[in-house]
Amino acid sequence: MNLFENKEAYITLLVNIELVLKDYLKLYPQDKQYLLQTMEIDESILSDNN
C-alpha cells in the first residue's frame, strides 16, 4: 500500500505538533515535564535548537 510508504503526512504532523507545543510552552512553561511524560515525546522536540 502506498499509504504507508508516503512519510510526508507523518513528517507534517510532527512539525505541526512541535510548533503548537512550543507556542503552548511559551504561555505555560510549567507544563513541560507533564507534557513530556504524558505525550511520550522526546525532549529534543521541545528544545530551542530546532
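Up top is the structure.
Please read all numbers here as calculations on a predicted model, not as lab measurements.

**Q** Whenever I open this one, the overall build of the protein confuses me. Can you help?
**A** Secondary structure summary: the protein contains three helices and zero strands in total. Mapped from its N terminus to its C terminus, the protein presents α and β elements in the order α-α-α. Buried residues in the protein amount to 18% of all 50 residues. Summed over all atoms, the accessible surface of the protein reaches about 4,500 Å², with 56% contributed by carbon and sulfur.

**Q** In this structure, what is going on with the nonpolar core? I would like to understand it.
**A** Grouped together as the largest cluster of nonpolar side chains are six residues: Leu21, Leu25, Leu35, Leu36, Ile41 and Leu46. Those elements that provide at least two residues to this core are α2 (8–27) and α3 (32–39).

**Q** Would you take a moment to explain α2 for this structure?
**A** The α-helix advances 3.6 residues per turn, and as a result positions three or four apart in sequence lie on the same side. Look at α2: 29 Å from first C-alpha to last across 20 residues, which is about the 28 Å you get at 1.5 Å a residue. Along α2, the residues classified as buried are Glu18, Leu21, Lys22 and Leu25. With its buried residues spanning 100 degrees around the axis, α2 presents them on a single face. Facing away from the buried side of α2 by more than 90 degrees, the exposed set consists of Glu8, Ala9, Val20 and Leu27. Turning to α2, the residues buried within the fold contact α3.

Definitions and cut-offs
All residue numbers refer to positions counted from 1 along the written sequence of the respective chain. Where totals are concerned, whole chains, interfaces and linings use all residues; where local detail is concerned, this predicted model gives features only for residues with pLDDT of at least 70, and gives and counts side-chain atom pairs only at 80 or more. Only heavy atoms go into the side-chain values, all of them from the structure, while hydrogens and water stay out. Strands here mean DSSP runs of E at least two residues long; helices mean DSSP runs of H or I at least four residues long; both are numbered from the N terminus. Three exposure classes are used, based on accessible area relative to the maximum for each residue type with a 1.4 Å probe and protein chains only: buried under 20%, partly exposed in between, and exposed over 50%. For the accessible areas, the method is Shrake-Rupley and the probe is 1.4 Å, while residue cover comes only from the protein chains on display. In this text, buried Ala, Val, Leu, Ile, Met, Phe, Trp, Tyr and Cys residues form a nonpolar core when linked through side-chain atoms within 4.5 Å. The span you would expect from a helix comes to 1.5 Å times its residue count less one. Directions pointing from the helix axis toward each C-beta atom define the arc. In this analysis, two residues are considered to be in contact whenever any of their non-hydrogen atoms come within 4.5 Å of each other.

It is worth stressing that arrangement in space is one thing and function is another; only the former is reported here.
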